[in-house]
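Notes for the structure review
Residue strings, one per chain:
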There are 2 protein chains.
Amino acid sequence: MKEELRIFNAFIRAKGLRRTVQRERILEVFLATERHISTEELYRLVKKCHPAIGFVTVYRTMRLLVESGLCGEIDFGDGLIRFEHKYGHRHHGHLICLKCGRFIEVVNPEIEELQEKMARRHNFRPTKHKLEIFGFCQRCA
Amino acid sequence: MKEELRIFNAFIRAKGLRRTVQRERILEVFLATERHISTEELYRLVKKCHPAIGFVTVYRTMRLLVESGLCGEIDFGDGLIRFEHKYGHRHHGHLICLKCGRFIEVVNPEIEELQEKMARRHNFRPTKHKLEIFGFCQRCA
DNA sequence: GATATTCTTGAAAGTAATTTTCAATAACTA
DNA sequence: TAGTTATTGAAAATTACTTTCAAGAATATC
C-alpha cells in the first residue's frame with residue numbers, strides 16, 4: 001500500500017470521516033499522473049476507469065487531499081486551480097512558459113533563505129509562499 | 001498633465017484606438033487611489049464622481065491599462081483580481097496576512113538577481129515574475 | 001450480524017467574477 | 001461635414017467553483 005494512501009486514511013480517521021471506494025480511486029488516479037492537473041482534467045481521467053464517479057466527488061476529494069497535505073494547489077492566474085503532489089516533494093517555484101504553457105519546477109534554497117530573512121525584517125510570520133516566473137522556455141523563445 | 005496620461009494617450013494612439021472622456025476619468029480615479037483595488041471597487045469609486053460610467057467600461061479600461069504597462073494585476077488567489085500602479089514603481093513582492101488581509105510590499109534586488117540566474121540556468125527568458133509570501137503580520141501573529 | 005446514526009454521493013442548482021454581445025452613440029479620418 | 005469604425009452601457013453569457021438535497025453507504029452500537 002502506498003504511503004500516501006496510509007496518510008490519507010489516517011487523516012480521514014482523525015477527522016471522523018469515512019473511507020470510501022470513490023476517495024481511494026480518486027487518490028490513485030491523482031497519484032498516477034505526474035502533471036499539474038485541474039479538477040476538471042482529473043475528473044476526466046477518473047471517469048475513464050470509474051464512470052460512476054461524479055465531478056463533485058472529485059472536487060471534494062481534492063479539497064480533502066489539500067487539507068491533508070498530500071496535495072498542493074497552484075494558481076497561475078489563468079482562472080484554473082491546478083493540483084500537484086506534495087508528499088515527498090520539496091518546496092519549489094515555477095518557471096511558466098507564456099507560449100506553450102509548459103513549466104519547470106525549480107528548487108532554490110538561497111532564495112528561500114532570503115525570503116525568510118525578509119519576512120523576519122518585517123515582523124511577518126510566513127506560513128507558505130509562492131514564486132512564479134513567467135516568460136518563454138528555450139523552445140518558444 | 002500627468003505623465004501616466006501622456007503614456008496612456010500614446011498607447012491609445014499607437015493601437016489605433018480612440019481617446020474618450022470615460023477612459024481619462026477612469027485613469028484619473030485609478031491614479032488617485034494608492035490601494036490595491038479590484039474592478040468592482042474601482043467601479044464604485046468612479047461612479048461617485050461619474051455616475052454615467054458603467055462597470056464594463058471600467059473593466060475594459062483596466063485591461064488597456066494593464067496592456068499599456070501602467071497598471072499591474074495582482075492575484076492573491078482569493079478569487080479577485082486587483083490592480084496596482086506600475087509606472088514609476090519598482091518591482092516588488094508581497095507579504096500577505098492570512099488573517100487581516102493586509103499586505104506589505106517588499107523590494108529585494110538580491111532575490112531578483114537569484115531569480116534571473118535561475119531562469120538563465122534553465123534557458124528560460126523571463127518577462128515577469130511574482131513573489132508572494134503568505135503568513136501573519138505582527139498584529140495578527 | 002442487525003440497526004441506528006451520520007457521512008457521502010451525484011445531479012442539479014446556485015454563486016461570483018469575469019467576459020461577450022449588441023444596438024445606440026461618439027471619436028477620428030478624409 | 002460625412003463616412004467609417006471604435007466605444008459605450010445594459011444585459012446576457014461564460015466559467016470555474018461551491019452548495020443543496022434526497023438517496024445510498026460506511027461506521028458504531030447494541
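Summarised in this report is the structure supplied together with it.

In the vicinity of DNA strand C lie 21 residues, with Arg18(A), Arg23(A), Thr57(A), Arg60(A) and Tyr59(B) positioned nearest. The sugar-phosphate share of atoms of DNA strand C within 4 Å of the protein amounts to 69%. Thr20(A) has a polar side-chain atom sitting 2.7 Å from a phosphate oxygen of DNA strand C. Contact between DNA strand C and Tyr59(B): a phosphate oxygen at 2.6 Å from a side-chain N or O atom of the residue.

Glancing now at the interface of chain A and chain B. Each partner contributes to the interface: chain A provides 34 residues, whereas chain B provides 34 residues. Note on chain A versus chain B: buried area summed over both sides is about 3300 Å², and carbon and sulfur give 67% of it. Summed over the three residues of chain A that lose the most area to chain B, namely Met118(A), Phe124(A) and Lys130(A), the buried surface amounts to 19% of that side. Along the contact surface separating chain A from chain B lie 2 salt bridges. In this structure, Glu132(A) and Lys130(B) form a salt bridge, with 3.6 Å as the shortest nitrogen-oxygen distance. If one sorts the elements of the side of chain A that touches chain B by residue count, strand β6 (residues 125–136) of chain A sits on top with 12 residues. Each residue belonging to the side of chain A that touches chain B can be placed in one class, and the counts come to 18 nonpolar, 9 polar and 7 charged. Here 11 bridges tie β6(A) to strand β6 (residues 125–136) of chain B, and the two strands are oriented antiparallel to one another.

Strands sit in the order β5(A)-β4(A)-β6(A)-β6(B)-β4(B)-β5(B) across an open sheet of 6 strands; the sheet is mixed. Only two strands of the sheet have a single neighbouring strand rather than two, namely β5 (103–106) of chain A together with β5 (103–106) of chain B. Between one strand axis and the next, the sheet turns by 20° as a mean value, whatever way the strands run. Running at roughly 130° to β6(A), helix α5 (residues 109–121) of chain A makes contact with β6 of chain A together with β4 (93–97), β5 and β6 of chain B of the sheet. In the packing of helix α5 (residues 109–121) of chain B onto the sheet, the strands contacted are β4 (93–97), β5 and β6 of chain A together with β6 of chain B, and the crossing angle to β6(B) comes to about 130°.

What follows is about the pattern of salt bridges. All names here are of chain A. Using the criterion set out here, one finds 16 salt bridges over all chains in the structure. The residue Glu-3 makes a salt bridge to Arg-6 at a minimum N-O spacing of 3.2 Å. Residue Glu-3 and its partner Arg-6 are both found in helix α1 (residues 3–14); the two are separated by 3 residues, about one turn of the helix. Judged by relative accessible area, Arg-6 falls into the partly exposed class, the value being 43%.

A separate point is the relation of the copies chain A and chain B. Superposing chain A onto chain B takes a rotation of 178° plus a shift of 0.1 Å along the axis, which leaves an RMSD of 0.4 Å. Here the symmetry operator amounts to a two-fold rotation axis. The rotation axis passes nearest to the C-alpha of Leu131(A) in chain A, at a distance of 2.3 Å. Most of the interface of chain A is mirrored in chain B, where 100% of its interface residues are also at the interface.

Here we come to the pairing of strand β2 (residues 71–75) of chain B. Residue and element names in this part refer to chain B. Most of β2 is tucked away, with 4 of its 5 residues classed as buried. The sheet contact formed by β2 and strand β3 (residues 81–85) spans 5 bridges and is antiparallel. Bridged to Gly-72 within β3 is Glu-84. Here β2 folds back onto β3, and the loop between the two strands holds 5 residues, one of which, Gly-77, carries a positive phi near 80°.

Residues and elements named next belong to chain A. Here helix α2 (residues 21–32) is 12 residues long and its end C-alpha atoms lie 17 Å apart, about the 16 Å a rise of 1.5 Å per residue gives. All of the buried residues along α2 are Glu-24, Ile-26, Leu-27, Val-29, Phe-30 and Leu-31. Lining the buried residues of α2 we find α1, β1 (37–38), α3 (39–49), α4 (55–68), β2 (71–75) and β3 (81–85).

The grouping of Phe55(A), Val56(A) and Tyr59(A) at the surface amounts to a nonpolar patch, some 240 Å² of accessible area in total. If you trace the backbone, Phe55(A) turns up in helix α4.

This brings us to the packing of α1(A) against α4(A). Residues and elements named next belong to chain A. Running from amino to carboxyl end, α1 crosses α4 at an angle of 95°, the nearest separation of the two axes being 10 Å. Considering the angle they form, α1 stands roughly perpendicular to α4. Packed against α1, whose contacting residues are Phe-8, Phe-11 and Ile-12, the element α4 presents Thr-61, Leu-64, Leu-65, Glu-67 and Ser-68 at the interface. Classifying every residue of the contact of α1 with α4 gives 5 nonpolar, 2 polar and 1 charged.

So, on to the protein's contact with DNA strand D. Inspection of the region around DNA strand D gives 21 residues, with Arg18(B), Thr20(B), Arg23(B), Thr57(B) and Arg60(B) positioned closest. Here a base nitrogen of DNA strand D sits 3.1 Å away from a polar atom, N or O, in the side chain of Arg18(A). Within the side chain of Arg23(B), one N or O atom sits 2.4 Å away from a phosphate oxygen of DNA strand D. Elements supplying a minimum of two residues to the surface near DNA strand D: α4 of chain A together with α2 (21–32) and α4 (55–68) of chain B. At 5 residues, the largest contribution of residues to the surface near DNA strand D is made by α4(A). A class-by-class count of the residues in the surface near DNA strand D yields 9 nonpolar, 5 polar and 7 charged.

Conventions and cut-offs
For every chain, the first residue of the written sequence is number 1, and numbering continues from 1 along that sequence. As a convention, the first chain written is A and the first ligand written is 1, with the rest following in written order. Predicted model: local features are reported for residues with pLDDT of at least 70 only, side-chain atom pairs are reported and counted for 80 or more only, and whole-chain, interface and lining totals are derived from all residues. By convention in this description, side-chain values take in all heavy atoms of the structure and omit both hydrogens and water. Near is defined per residue: the residue qualifies when any heavy atom it owns lies within 4 Å of the molecule or strand. Pairing of N or O atoms within 3.5 Å defines a polar contact, subject to two protein rules: one partner must be a possible hydrogen donor and the other a possible acceptor, and residues neighboring in sequence count only if both atoms are side-chain atoms. Any two residues whose heavy atoms approach within 4.5 Å are treated as being in contact. Summed over both partners, buried area is the accessible surface (1.4 Å probe) that two parts give up on being assembled. Any carboxyl oxygen of Asp or Glu that lies within 4 Å of a side-chain nitrogen of Lys or Arg is treated as forming a salt bridge with it. In this description a helix means any DSSP run of H or I spanning at least four residues, a strand means any run of E spanning at least two, and both kinds are numbered starting from the N terminus. As a working rule, the residues Ala, Val, Leu, Ile, Met, Phe, Trp, Tyr, Cys and Pro are called nonpolar, Asp, Glu, Lys and Arg charged, and the rest polar, with Gly in that last group. Strand pairing is assigned whenever DSSP detects at least two bridges linking the two strands. Between N-to-C directions, angles cover 0 to 180 degrees, with each direction set by a line fitted to C-alpha atoms, over the stretch in contact for helices. Under the scheme applied here, a residue whose accessible area is under 20% of the maximum for its type counts as buried, over 50% as exposed, and between as partly exposed, the area being computed with a 1.4 Å probe on protein chains only. Residues reaching a pLDDT of at least 70 in both copies supply the C-alpha atoms on which the copies are superposed by least squares. Working rule for helices: expected span equals 1.5 Å times residues minus one. Only residues whose relative accessible area exceeds 30% and that take part in no salt bridge are eligible for patches, with like-charged residues grouped when within 9 Å of each other and nonpolar side chains (Val, Leu, Ile, Met, Phe, Trp, Tyr) grouped when within 5 Å. Throughout, the Shrake-Rupley method with a 1.4 Å probe supplies accessible areas, and for residues the shown protein chains are the sole cover considered. The scheme is simple: roughly parallel for angles under 35 degrees, roughly antiparallel for over 145, roughly perpendicular for 65 to 115, oblique for anything else.

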